[in-house]
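# Structural overview for review
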Amino acid sequence: MQSLAWHGQGDARVRREPFPRPPGASPQQGLPHPGPRGLYREARLLFLHGLLQELPAPQRALCFLQRLHRGLGQQEALGDTQWEARLRLSASELWYSSAEGLFTLPVYFSSDWLNEYWDTLDVDDYRFIYMGPAGTWSPFHADIFRSFSWSVNICGRKKWFFFPPGHEEALRDCHGGLPYDVTAPEFLDSHLHPVLEVTQEAGEMVFVPSGWHHQVHNLEDTISINHNWVNGCNLANMWHFLQQELCAVQQEVSEWRDTMPDWHHHCQVIMKSCTGINFEEFYQFLKVIAERRLLLVKKIGPGELQCSEDSGLGLQHTIFDISRIAEVLASVVVNPDFQRVDTSRFLPQPEDLLQQLQEALATTEPL
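Here we summarise the structure given alongside this text. What you see is a predicted model, and the numbers here were worked out from it, not measured in a lab.

Rules behind the numbers
Residues numbered from 1 in each chain as written. Predicted model: local features only at pLDDT ≥ 70, side-chain atom pairs only at ≥ 80, totals over all residues. Heavy atoms only, no water. Phe/Tyr/Trp six-rings, centres within 6.5 Å; stacked < 30°, edge-to-face > 60°. Helix = DSSP H or I, 4+ residues; strand = E, 2+ residues; numbered from the N terminus. Buried < 20%, exposed > 50% of the residue type's maximum accessible area, 1.4 Å probe, protein only. Axes fitted to C-alpha atoms, helices over the stretch in contact; angles between N-to-C directions. Parallel < 35°, antiparallel > 145°, perpendicular 65-115°, else oblique. Left-handed = near helix turned anticlockwise from the far one by under 90°. Contact = heavy atoms within 4.5 Å. Nonpolar A, V, L, I, M, F, W, Y, C, P; charged D, E, K, R; others polar. Salt bridge = Lys/Arg side-chain N within 4 Å of Asp/Glu carboxyl O. Expected span 1.5 Å × (residues − 1). Polar contact = N/O pair within 3.5 Å; in protein donor to acceptor, adjacent residues only side chain to side chain. Pairing = 2+ DSSP bridges.

## Remarks on the packing of aromatic side chains
Scanning all chains against the criterion turns up 22 aromatic pairs. Seen in terms of ring centroids, Trp 118 and Phe 145 are 6.2 Å apart; in terms of plane orientation they differ by 20°. Their pairing is stacked. In this pair, Trp 118 is assigned in helix α4 (residues 113–121) and Phe 145 in the loop between β5 (137–141) and β6 (148–155), connecting sequence segments 27 residues apart. For the pair shown, Trp 118 and Phe 145 are each scored as buried. Here Trp 137 and Tyr 180 contribute two aromatic rings whose centre-to-centre distance is 5.7 Å and whose plane-to-plane angle is 65°, an arrangement assigned as edge-to-face.

Rendered as structure tokens:
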């Protein structure tokens, strides 16, 4: 089961809490309150049953529907009485290893460091299937880590409300919080209307730039495929966002700064819990991508322009990636909060990795 958890400054983060379904358990056993509301949810899921019958291995999909019933019960217990959050599933979970053959990424979205990194961990990814009946919607948010995202409607229609970076600041309340619903009357009757509204039809793809807050409504019963991704073009945005997130955590627990042992370490722990990543894992993310790019550069022969048939990266693209990692890593190693992180077990050390990147750039500069 996957439930939506909202963290930080309006970021959507999926927290997975898998649990086994008891043998012979029915979908309804996950509903804490049987009756009209439970029947409504069950009816809504019937349309998903019909749509999924045409997908590979429908018996696997039906197992997910049973888990979704239980997820909806938890959403209601948490106060989501209007069933406002769309259902979110991982494509890799739904179709297992066969998912890779279902579609081909557009070349413009193929440089995907986020999923490249998480694939090496083999524990998670940021590739999703969203499924939701007409009338369901996702609250106002910006995407995880200030990543890019794209969304393709397999069927159904969506309406998107977009706010460019910075425009969301006018929506904050007296406590600095962002609204849950930007279509509420108090926003519709003011100058704080969305800068951009988009209606997405079946078969159409929507690209969400880094840092754009948005809210999405399903106008019809809808299934879509979605990816979040980071690459050299928005890596600096991710690093800037993580610094902001740590600063927000430090401000929240500042009164214990002088009395709490290892206060800076605890701030990193809290940050990872709220944001999904801290400075240590951000370095590991940079390291994995950097080492893969450095390996590609070493394989380049005289006069070759393609690094590897398997990687799909050209020489200039690989050099670009290395340059962006070096630029951000140079900022990371001098950051005072990163310097407080225990890096004694890091291999290679951040400064050594930065030197390797700079040497690779110097070597490939004539190319």
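## Description of the packing of helix α6 (residues 235–252) against helix α9 (residues 315–333)
The interhelical angle for the contact between α6 and α9, taken along N-to-C directions, is 20°, at an axis separation of 10 Å. In terms of orientation, α6 and α9 fall into the roughly parallel class. Note that α6 runs across α9; the crossing there is right-handed. The segment α6 lies against α9, with Leu 235, Ala 236 and Trp 239 engaging Arg 324, Ile 325, Val 328, Ser 331 and Val 332. A class-by-class count of the residues in the contact of α6 with α9 yields six nonpolar, one polar and one charged.

## Points about the pattern of salt bridges
This model, assessed by the stated rule, comprises 11 salt bridges. Of the charged contacts in the structure, one is a salt bridge between Arg 292 and Glu 116, with a shortest N-O distance of 2.6 Å. Of this pair, Arg 292 sits in helix α8 (residues 279–298) while Glu 116 sits in helix α4; the two residues are 176 residues apart in sequence, bridging distant segments of the chain. Residue classification places Arg 292 among the partly exposed positions, given a relative accessible area of 39%. Glu 116 is paired through a salt bridge with Arg 293; the nearest N and O atoms lie 2.9 Å apart. Taken together, the residues span a long stretch of sequence, with Glu 116 in helix α4 and Arg 293 in helix α8 at a distance of 177 residues. A network of salt bridges, in which partner residues are shared, links Glu 116, Arg 292, Arg 293 and Asp 321.

## Overview of α8
In a regular helix each residue adds 1.5 Å, so 20 residues correspond to 28 Å; α8 covers 28 Å between its end C-alpha atoms and thus fits that length. With 14 of 20 residues buried, α8 lies mostly within the body of the structure. The opening residue of α8 is Asn 278, an N-cap whose side-chain oxygen sits 3.3 Å from the backbone nitrogen of Glu 280.

## Overview of the sheet that holds strand β10 (residues 213–218)
Strand order in the open sheet formed by four strands is β5-β10-β7-β8, and the pairing between neighbours is antiparallel. The open sheet has two edge strands, β5 and β8 (196–200), and neither has a second partner. For this sheet, the mean inter-axis angle between neighbouring strands, taken without regard to orientation, is 15°. Relative to β10, strand β7 (residues 158–163) runs antiparallel, the two being bridged by six bridges. When the bridges of β10 are listed, Lys 158 appears paired with Asn 218.

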